[in-house]
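# Results of the structural survey
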Amino acid sequence: MKITDLLKKQSICLDGKADSKEQVIREMVDLMAKGGNINDIDTYRETVFKREEEGTTGIGEGIAIPHGKTEAVSAPGLAAMVLPEGVDYDSLDGEPAHLIFLIAAPNTEDNVHLEVLSRLSMLLMDEDFRNNLLHAKDVDEFLAYVDAAEKEKFPEEAEEKAEAPADASAKPYQILAVTACPTGIAHTYMAAEGLEKKAKEMGVTIKVETNGSGGAKNVLTPEEIAACDCIIIAADKDVAMVRFDGKPLISTKVSDGINKAQELIERALSGNAPVYHSKGGTTEEGGTSSDGDTIGRKIYKSLMNGVSHMLPFVIGGGILIALSFLIDGANAGTAAFGSGTPLAKFFNTVGNTAFGMMFPILAGYIAMAIGDRPALMPGIVGGLLAKAGTSVFLAEDAWISSGFFGALIAGFAAGYLMIGLKKLFDKLPKTLEGTKPVLLYPFFGILIMGAFMIFIVNPPVGAFNTWLNNILSGMGESSKMLLGAVLAGMMSIDFGGPFNKAAYVFGTASIASGQFDIMASVMIGGMVPPIAIALATTFFKNRFTKSEQQTTITNYIMGLSFITEGAIPFAASDPLRIIPPCVIGSAVAGALSMMFGCGSRAPHGGIFVIGIIDNPLMFLIALVVGAVVAMAGIVLLKKPLKAEQ
């Protein structure tokens, strides 16, 4: 509780006179009463005197801080008096008191008087501060000295106040925004930062909710939504949208929040943004945020909704499986490899269980993005059937998984199936409304999805998967190098966008079929761009601005961690000189990784999983070569900047 919040002008006297301690306390109580904090002045005065009987509050150095805690106080308060001639206050050092602060505290459990007493004592230890108060020309100057001392002594409070947004009801945000990307790692927060930074430059108030991998942060409140002028949704996956019904809203890609922040803000302020009208659904993810999108955009966002929920299972499970092989080297080459010891078996079992969820989770959340929550269940069932490869056309002991492609089909089919069931069951009597989510949707959803997957999807798609795996397994060295170059190059085309995600998902799906070399090429392709840019800013500083040079260490870390998005700011500001060299460098690294026979059972981790990568030394050599090639292309295309830049 700040001193300046408690100290009122009418409770300050700068030319006090008193002949005794008793007289100065009485005058101080009268000053306190002028501030309106006392409902029984006699009781409060008695409390202050009673406290003095327990021991003097004259702490020395010319200071006294009497105080009283009683029900006679209606609200915490302070009074202050300067006595130029001083008064005998029985102070601990025997010297006269010249500066008196009186504290009034209500009789509550929070002991506010102790907090204020502690705060005052810390401030008054400063001799310069005491002298300023004693020689203040007027009450305003006295309060200014107190305020300045508090800000200097407690700077964190001033920072919090400066950073804290204004109360929505008093000063509403002009623009609200939501950012979200499939992985919830880089693009989500870079878009939020881009919007906030540009809004600050333009003098526009904004609040941005981030739907990252750790959940929604800085969540928009109903009051803020009601009071704002416009809402910007910069997202590549579904977000909760029903709450924005009836508000002007701009829906766009998450990359636009990074690259086109000013354009989005100007459009939001123009008054020309279309009004969003929800078509129903819940307030949670799924089924609502695609309203008004093109068909292609809806398909992409539904797919990314599935991918974003699938990735944690893939990454966590994949790394655990890889660890099981790392610690079971003694059984390499045997059928027990990866499960030959109790610890390895533990990692392998848990990892495979989590990794095996990738298909049902992918299908379930694609379906949910299309058909809302009721579609989640048939989507998951379809994904499980895709993984199981069940088909009535095969022998009982035969197995042919439709895998990743089957799960994709299952997700979209389940979503649109649920939309159809909703329309069909809308014709039923309202008395049956309660039976839909607990009986009709589950029963018919599972029944139809089961028949669809077993009779229609699994046989041909499973056969296609078998053919594709045979092709990949039978590829010659040159063909594999070409495949590695293409996939790695795709990782650098849009740095986390659709091409990048397509290559990455193909790599993770390849792990499930034992094509570990494909995942290694994909990973190395995503590591090259940030490292190449970091090398360029290290050795060719004259081609980059000071702010760009400050990202060097960050890009080394992001590149080594397999976070391609570190290259985005550079690609956004100079795409023609950054993207082509990065694509070439990544392609070279991917081809070399294939040629050297590198393989990765882990779907993420970069340098931190080097211990579980096949041929780790050659993987590092391929990474260095690819990064140097990309760096060389960047510095050849970028001319040195002028000194003032």
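For the structure itself, consult the block above.
Definitions and limits used
Residues numbered from 1 in each chain as written. Predicted model: local features only at pLDDT ≥ 70, side-chain atom pairs only at ≥ 80, totals over all residues. Heavy atoms only, no water. Helix = DSSP H or I, 4+ residues; strand = E, 2+ residues; numbered from the N terminus. Buried < 20%, exposed > 50% of the residue type's maximum accessible area, 1.4 Å probe, protein only. Areas by Shrake-Rupley, 256 points an atom, 1.4 Å probe, with all protein chains shown as cover. Phe/Tyr/Trp six-rings, centres within 6.5 Å; stacked < 30°, edge-to-face > 60°. Lys NZ or Arg CZ within 6 Å of the ring centre and 35° of its normal. Pairing = 2+ DSSP bridges. Axes fitted to C-alpha atoms, helices over the stretch in contact; angles between N-to-C directions. Contact = heavy atoms within 4.5 Å. Salt bridge = Lys/Arg side-chain N within 4 Å of Asp/Glu carboxyl O. Patch = residues over 30% accessible without salt bridge, like charges linked within 9 Å, V, L, I, M, F, W, Y side chains within 5 Å. Parallel < 35°, antiparallel > 145°, perpendicular 65-115°, else oblique. Left-handed = near helix turned anticlockwise from the far one by under 90°. Nonpolar A, V, L, I, M, F, W, Y, C, P; charged D, E, K, R; others polar. Lys, Arg positive; Asp, Glu negative; His and termini not counted. Charge placed at Lys NZ, Arg CZ, Asp CG, Glu CD. Polar contact = N/O pair within 3.5 Å; in protein donor to acceptor, adjacent residues only side chain to side chain. 1 Å grid on protein atoms, 1.4 Å probe; cavity = no way out; pocket = protein on both sides within 12 Å on 5 of 7 lines; lining within 4 Å. Points joined across faces, edges and corners; volume = space filled by probe spheres on them. Domains from an automatic or database assignment. Expected span 1.5 Å × (residues − 1). Arc of directions from axis to C-beta.

Counting its secondary structure elements, the protein chain contains 25 helices and 13 strands. Looking at the 645 residues of the protein chain, the share that counts as buried comes to 49%. Split by element, the accessible area of the protein chain, about 29400 Å² in all, is 60% carbon and sulfur.

This part is about the packing of aromatic side chains. Under the definition given, this model contains eight aromatic pairs. When the ring of Phe101 is compared with that of Phe142, the centres are 6.3 Å apart and the planes differ by 35 degrees; the resulting orientation is tilted. Of the two residues, Phe101 is situated in strand E6 (residues 97–105) and Phe142 in helix H6 (residues 139–153); the sequence distance between them amounts to 41 residues. Like Phe101, the residue Phe142 is buried in the burial classification. When the centroid spacing of 5.9 Å and the interplanar angle of 50 degrees are considered together, the rings of Tyr504 and Phe562 count as tilted. Remark: Phe562 occurs in the loop between helix H22 (552–560) and helix H23 (568–573) and Tyr504 occurs in helix H19 (residues 498–512); sequence separation between them is 58 residues. Take Tyr504: its relative accessible area is 5%, and that puts it in the buried class. Residue Phe562 is classed as buried on the basis of its relative accessible area of 5%. Geometry around Tyr89 places Lys21 over its ring, the cationic atom sitting 5.0 Å from the centre.

Here we take up the sheet that holds strand E8 (residues 206–212). Reading across from one edge, E9-E8-E7-E10-E11 is the order of the five strands in this open sheet, with mixed pairing throughout. Each edge of the open sheet is held by one strand with a lone partner, namely strand E9 (215–217) and strand E11 (249–252). Ignoring strand direction, the axes of neighbouring strands in this sheet form an average angle of 15 degrees. Where strand E10 (residues 230–235) meets E11, four bridges bridge the pair, whose relative direction is parallel. Across the sheet, residue Ile233 finds its bridge partner in E11, namely Ser251.

A few words now on the environment of Gly351. Within the fold, Gly351 resides in helix H13 (residues 342–355). Take Gly351: its relative accessible area is 0%, and that puts it in the buried class. Along the chain, Gly351 and Val314 lie 37 residues apart, while their C-alpha atoms are 9.0 Å from each other. Setting aside residues up to four positions removed in sequence, Gly351 forms contacts with Gly317, Leu320 and Ile321.

Turning next to the pattern of salt bridges. In the structure shown here, the tally under the stated rule is 16 salt bridges. When the shortest N-O distance is used, the salt bridge between Asp140 and Lys9 registers 2.8 Å. Placement of Asp140 in helix H6 and of Lys9 in strand E1 (residues 7–13) is noted, with a sequence separation of 131 residues between them. According to the relative accessible area criterion, Asp140 is partly exposed, its value standing at 45%.

This brings us to a nonpolar patch on the surface. Among the surface-exposed residues, Leu326, Ile327, Leu343, Phe346 and Val350 lie close enough to one another that they form a single nonpolar patch of about 430 Å² accessible area. Of the residues forming the nonpolar patch, the biggest block, three residues, is contributed by H13. Among the secondary structure elements, Ile327 is positioned in the loop between helix H12 (295–326) and H13.

Following both chains from N to C, one finds helix H14 (residues 358–371) and helix H16 (residues 403–425) inclined at 30 degrees, their axes separated by 7 Å at the closest point. Classified by the angle their axes make, H14 and H16 are roughly parallel. With respect to the hand of their crossing, H14 and H16 are arranged in right-handed fashion. Its residues assigned to classes, the contact of H14 with H16 comprises 15 nonpolar, four polar and one charged.

This part takes up a negative patch on the surface. On the surface, Asp126, Glu127, Asp128 and Glu152 cluster together to form a negatively charged patch. Along the chain, the position of Asp128 falls in helix H5 (residues 127–134).

The next subject is the packing of H12 against H13. Two elements in contact, H12 and H13, have axes whose closest approach is 7 Å; the angle formed by their N-to-C orientations is 155 degrees. Here H12 is positioned roughly antiparallel relative to H13, judged by the angle of their axes. Every pair of crossing elements has a handedness; the one defined by H12 and H13 is left-handed. Along the contact surface, H12 presents Phe313, Val314, Gly317, Gly318, Leu320, Ile321, Leu323, Ser324 and Phe325, while H13 presents Ala344, Phe347, Asn348, Val350, Gly351, Asn352, Ala354 and Phe355. In terms of residue class, the contact of H12 with H13 is built from eleven nonpolar, six polar and no charged.

Moving on: the environment of Met418. With respect to the helices and strands, the residue Met418 is situated in helix H16. Measuring from C-alpha to C-alpha, the distance between Met418 and Gly445 comes to 7.1 Å, with 27 residues separating the pair along the chain. Those residues in contact with Met418 that lie beyond four places of it in its chain are Gly371, Pro374, Ala375, Pro378 and Tyr441.

Here the focus is the environment of Leu117. Examined against the element boundaries, Leu117 turns out to sit in helix H4 (residues 112–124). Considered as a pair, Leu117 and Phe101 are 16 residues apart in the sequence and their alpha carbons are 9.4 Å apart. Those residues in contact with Leu117 that sit more than four places away from it in its chain are Ile65, His67 and Ile103.

You can see Thr508 is positioned in helix H19. In this structure the side chain of Thr508 is engaged in a polar contact, spanning 2.8 Å, whose partner is the backbone oxygen of Val505. Setting aside its immediate chain neighbours within four residues, Thr508 contacts Met310, Val314, Phe355, Met358, Met519 and Pro603.

Picture a little ball the size of a water molecule; that probe, rolled over the atoms, points out where space is still empty. There is about 820 Å³ of room inside the largest pocket. Contributing to the lining of the largest pocket are 22 residues, with Met190, Glu193, Lys197, Ile258 and Pro569 lying nearest its centre. It is helix H8 (residues 187–202) that provides the largest number of residues to the lining of the largest pocket, a total of six residues. Looking at the lining of the largest pocket, its residues break down into seven nonpolar, nine polar and six charged. When we break the lining of the largest pocket down by domain, the ones giving at least three residues each are domain 2 (175–276) and domain 4 (477–637).

Moving on, we get to H6. Taking 1.5 Å per residue as the helical rise, H6 with its 15 residues ought to reach 21 Å, and the 21 Å between its terminal C-alpha atoms agrees with that figure. Listed in full, the buried residues belonging to H6 are Phe142, Leu143, Val146, Ala149 and Glu150. Down the axis of H6, the buried set is contained in an arc of 125 degrees. They therefore lie on one face. By the N-cap criterion, in which a side-chain oxygen at the helix start approaches the backbone nitrogen of a residue two or three places on, H6 is capped by Asp138, the distance to Asp140 being 3.2 Å.

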